[in-house]
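# Understanding the architecture of this molecule
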Amino acid sequence: MLLEGEFRNPAGCAISAIFDKTGARFSGADIIDSIAVMRDRSNGLGGGFACYGIYPDKKDLYAFHVFFTIHSARKDFEEYIARYYEIDSDEDIPTRKIPEIVDEPEIRRYFVYPKQQYIDFVKTGPDECVFRTVFAVNTEIKGAYIFSSGKNMGIFKAVGFPEDVGRFYRLEEYEGSLFTAHGRYPTNTPGWWGGAHPFGLLGLSVVHNGEISSYDANRRAMEMYGYKCTLLTDTEVITYILDYLTRKKSLTFEESAEVIAAPFWSRIDRMGEEERARATYLRDVFSAELVTGPFSIIVGFDGGVMALNDRLKLRTLAVAEKGDKVYMASEEAAIRRVCPSFDKMFYAEGGKPIVYRVKGGKQ
Amino acid sequence: MKYNGKTYLANEINDQIKAAGGTATLTEVLGERFIACGLKEGVVTIEGTPGNALGAYLDGAKIVVKGNGQDAVGDTMNEGKIVIHGSVGDTLGYAMRGGKIFVRDNVCYRAGVHIKEYGEKVPLIVIGGKAGCFLGEYMAGGIIIVLNKDNAPDPIADYTGVGMYGGKILVRAESLDTVLPEQIKCRRMEKGELSAFTPYIKEYSAEFGMDESALVSGTFYLLEPDSNNPYKRLYTNN
């Protein structure tokens, strides 16, 4: 029998998000209900959630969520991390034992902050320390994967249908101001715990429906800047591109969207002079970060959320607003399930980012 | 037959619709896919938000949705009629080869992609509002009418008719600034030319209880493939 990853699956995937523009926190129960409507889009080989604002008591600390897939990995990881980080606390991530989720690795979280001498050594700030640690652990410590590394946010993911993954992680017990969700139908790559979405780095997270034709070109470009793809799937590289563009190059999320879903040259030719100069500059300077192939993504970040479709719009993404709440999903029905009537609804257009921020959120 | 959103699987719903002779009212519908797939007769009325591929391969029945549709409504439909009292998502009428679809409001990307006609089988799509990019992409036959009932300045979008090699797209607009592919001929319709299409507009108006007089007045543009300028390259460079 061929194992998952040794054959090709037809495409699917579902994504969904709920966000409160005031930053007010609400229960994680709704996001499970929303993604569950699109069960037919997944095949049980991956589900996950990114939850923002869930650790307010430890909001200045980095929350590492870690999988240990082999026994020795935890000891190796803890020894490594103790050298570079002050560890505030650590614990098993609470789960609910349910028959739908099997073969779980050891799943733990660590609230940490880089030691001063590590920050002094790295010189470019604590975020850069965490960036280095994530890649060092994921590539050098066998069986250990940091799959979430932001402040006051956390990613929860597993092999299974997303609604089961949500119950497994007791998501309804968390309160946050943004939840994103993913139901996976892996196409070219294995369905394993690390390969489930969301993918995260620092405060960024990405859920993705689609398939990236430019994956290898993007992967090689990102490796030049120290981003090593270890999780065997295309979405990972979008996360690193966005971290590179927004954190290291200080682009806004709107500008980053113009890089990864760049306008066609034929459209640039029709732009006014100023707009054309900017669009040409972004395409020329960041040509290796252009992402081609079908995708719809929802990007969670510190203080906001962005929805983006590929420029040909080969995937679909509905957006609705009701009061201060914003809903996004691959299907309108997934929004209606948790918000039966909304103030307005529209579909994201190809290559045009839809960004919502809390007041004072990151550009 | 009545359905109240309690069964999840589309084949169970479809089996019940067929057992009831094709006529059914479905309420509290939320994302169930393939409703009325291949149905030959009857009238299916839907309240709620039906899932993707509503009326796929439809073969004679009528579907009325009191709400919005999602993606791939009327995928490859062969005969029958779909009426949407709202808007729909992408790829409306994908590869349709017969029958009629009426959408009261807007359609998203790729409506009428690759629809085709043969002999008496001429598919018809009437869109009350606006259409997204790639309307009629690879269109090989049939008729698409964009009525632009709210008189928007840009009722159609980029790449309309890309790869089109048959059929007709009518757009009601005072002027048309959309950049069209070189292989498409676009011209204002002459007085009297519209009369061949007014029965379709009347049918739209009747379905939604609207006044047809506003919809048949004003300027219409006709988009057709330009047979003097065949294809060399469909898309631009990356």
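Residues numbered from 1 in each chain as written. Chains lettered and ligands numbered in written order. Predicted model: local features only at pLDDT ≥ 70, side-chain atom pairs only at ≥ 80, totals over all residues.

## A look at the overall build of chain B
Looking only at helices and strands, chain B has three helices and 11 strands in total. Taken from the N to the C terminus, the helices and strands of chain B come in the order β-α-β-β-β-β-β-β-β-β-β-α-α-β. A compact globule built from 238 residues would reach a C-alpha radius of gyration of about 18 Å, and chain B, at 18 Å, matches this within 12%. The principal-axis extent of the C-alpha atoms belonging to chain B is close to 55 × 40 × 35 Å. Per-residue burial over chain B gives 51% buried out of 238 residues. Long-range contacts, defined here as pairs at least 24 residues apart, represent 37% of the contacts in chain B between residues at least 6 apart. (Helix = DSSP H or I, 4+ residues; strand = E, 2+ residues; numbered from the N terminus. Rg over C-alpha atoms; globule rule 2.2 N^0.38 Å. Buried ≥ 20, exposed ≤ 12 C-beta atoms within 10 Å, placed from the backbone. Contact = placed C-beta atoms within 7 Å.)

## A look at the overall build of chain A
Each helix and strand in chain A was counted, giving 11 helices and 18 strands. At 19 Å, chain A has a C-alpha radius of gyration in line with the 21 Å of a compact globule built from 363 residues. With respect to the three principal axes, the spread of C-alpha positions in chain A is 60 × 50 × 45 Å. Out of the 363 residues in chain A, the part that is buried amounts to 52%. Taking all contacts inside chain A whose residues are at least 6 apart in sequence as the whole, residues at least 24 apart take part in 76%.

## Topic: the sheet that holds strand S5 (residues 85-92) of chain A
All names here are of chain A. Sheet architecture is open: four strands sit in the order S5-S6-S4-S7, paired in antiparallel fashion. Whereas interior strands pair on both sides, the edge strands pair on one side only; in this sheet they are S5 and strand S7 (144-148). Going from strand to strand, the sheet's axes swing by 30° on average, the running direction of each strand aside. Here S5 pairs with strand S6 (residues 106-114) via seven bridges, running antiparallel. What sits directly across from Asp 92, in S6, is Arg 108. Across the face of the sheet, helix H2 (residues 73-84) comes into contact with strand S4 (62-68), S5, S6 and S7 while running at roughly 150° to S5. (Pairing = 2+ DSSP bridges. Axes fitted to C-alpha atoms, helices over the stretch in contact; angles between N-to-C directions.)

## Considering the confidence of the model for chain B
For chain B, the average pLDDT comes to 92, and 92% of its residues sit at 70 or higher. Scoring of the predicted complex yields 0.93 for pTM and 0.91 for ipTM. (pLDDT = per-residue confidence, 0-100.)

## Notes on the sheet that holds strand S18 (residues 354-357) of chain A
Residue and element names in this part refer to chain A. Strand order in the open sheet formed by five strands is S11-S12-S13-S14-S18, with antiparallel pairing between adjacent strands. In the strand order of this sheet, the two ends are held by strand S11 (199-201) and S18, each with one partner. Strand-to-strand twist across the sheet, computed as the mean angle between neighbouring axes with direction ignored, equals 15°. Sheet strands in contact with helix H7 (residues 235-248) are S11, strand S12 (204-210) and strand S13 (295-301), and its direction is about 140° off that of S12.

## Overview of unusual backbone geometry
Across the junction of A:His197 and A:Pro198, the peptide omega takes the value 0°, indicating a cis bond. Structurally, A:Pro198 is set in the loop between strand S10 (178-183) and S11. The phi dihedral of B:Phe34 is positive, around 60°, even though this residue is not glycine. Checked against the element boundaries, B:Phe34 lands in the loop between strand S2 (24-30) and strand S3 (43-49). A positive phi is found at B:Phe134, a non-glycine position, where the angle reads about 65°. Along the polypeptide, B:Phe134 turns up in the loop between strand S7 (124-127) and strand S8 (140-146). Under the C-beta neighbour-count criterion, B:Phe134 is labelled buried, with 25 such atoms within 10 Å.

## Some points on the nonpolar core
Side chains of nonpolar character tend, in soluble globular proteins, to be buried together. One finds B:Ala36, B:Ile127 and B:Val171 to be the most contacted residues of the largest nonpolar core, which totals 182 residues. Here this core takes seven residues from H7(A), the largest share from any one element. Among all residues touching B:Ala36, those that are not within four sequence positions of it are B:Asn14, B:Ile17, B:Val44, B:Leu54, B:Gly55, B:Leu58, B:Ala61 and B:Ile63. (Core = buried A, V, L, I, M, F, W, Y, C linked by C-beta atoms within 7 Å.)

## Structural notes on the interface of chain A and chain B
With 18 residues of chain A at the contact, the number on the chain B side is 17 residues. If you list the elements that add at least two residues to the side of chain A that touches chain B, you get helix H9 (265-269) and helix H11 (332-336) of chain A. A class-by-class count of the residues in the side of chain A that touches chain B yields seven nonpolar, four polar and seven charged. (Nonpolar A, V, L, I, M, F, W, Y, C, P; charged D, E, K, R; others polar.)

## Concerning the packing of helix H6 (residues 215-223) of chain A against H7(A)
Geometrically, a packed helix pair is captured by the angle between its two axes and the distance between the axes. Residues and elements named next belong to chain A. One way to put it is that H6 packs onto H7 with a least axis distance of 10 Å and a crossing angle of 45°. Between H6 and H7, the angle is such that the two are oblique. The interaxial crossing formed by H6 with H7 has left-handed handedness. In contact with Tyr 215, Asn 218, Arg 219 and Met 222 of H6, H7 contributes Val 237, Tyr 240, Ile 241 and Tyr 244. (Parallel < 35°, antiparallel > 145°, perpendicular 65-115°, else oblique. Left-handed = near helix turned anticlockwise from the far one by under 90°.)

## Concerning the environment of B:Glu224
Residue position: B:Glu224 is located in strand S11 (residues 220-225). The spatial distance from the C-alpha of B:Glu224 to the C-alpha of B:Gly192 is 18 Å, given a sequence separation of 32 residues.

## Remarks on the environment of B:Leu176
Within the secondary structure, B:Leu176 sits in the loop between strand S9 (166-172) and strand S10 (184-188). In this view, B:Leu176 contacts B:Val171, B:Cys186 and B:Tyr221; residues no more than four positions away in its chain are not counted.

## Side note on the packing of H7(A) against helix H8 (residues 253-260) of chain A
Residue and element names in this part refer to chain A. Close contact between H7 and H8 brings their axes to 10 Å; oriented N to C, the two are set at 130°. One element, H7, and the other, H8, form an angle in the oblique class. Considering the relative orientation of H7 and H8, their crossing is right-handed. Along the contact surface, H7 presents Ile 238, Ile 241, Leu 242, Leu 245 and Thr 246, while H8 presents Phe 253, Ser 256, Val 259 and Ile 260. Looking at the contact of H7 with H8 residue by residue, the class counts come to seven nonpolar, two polar and no charged.

## Considerations on the pairing of strand S8 (residues 153-158) of chain A
Residue and element names in this part refer to chain A. Of all six residues that make up S8, six are buried, and the element is covered over most of its length. Bridging between strand S3 (residues 47-52) and S8 involves six bridges; their strand directions are antiparallel. Following the sheet pairing, Gly 47 is matched in S8 by Ala 158.

## What about the confidence of the model for chain A?
Scored by pLDDT, chain A has a mean of 93; 96% of the residues are at 70 or more. Between residues 1-11 of chain A, whose pLDDT stays under 50, and residues either more than four places distant or in other chains, the model counts 14 contacts.

## Some points on the environment of A:Asn138
Residues and elements named next belong to chain A. Of note, Asn 138 is situated in helix H4 (residues 126-140). When the 18 C-beta atoms within 10 Å are taken as the criterion, Asn 138 is described as partly exposed. Setting aside its immediate chain neighbours within four residues, Asn 138 contacts Tyr 145, Ile 146 and Thr 230.

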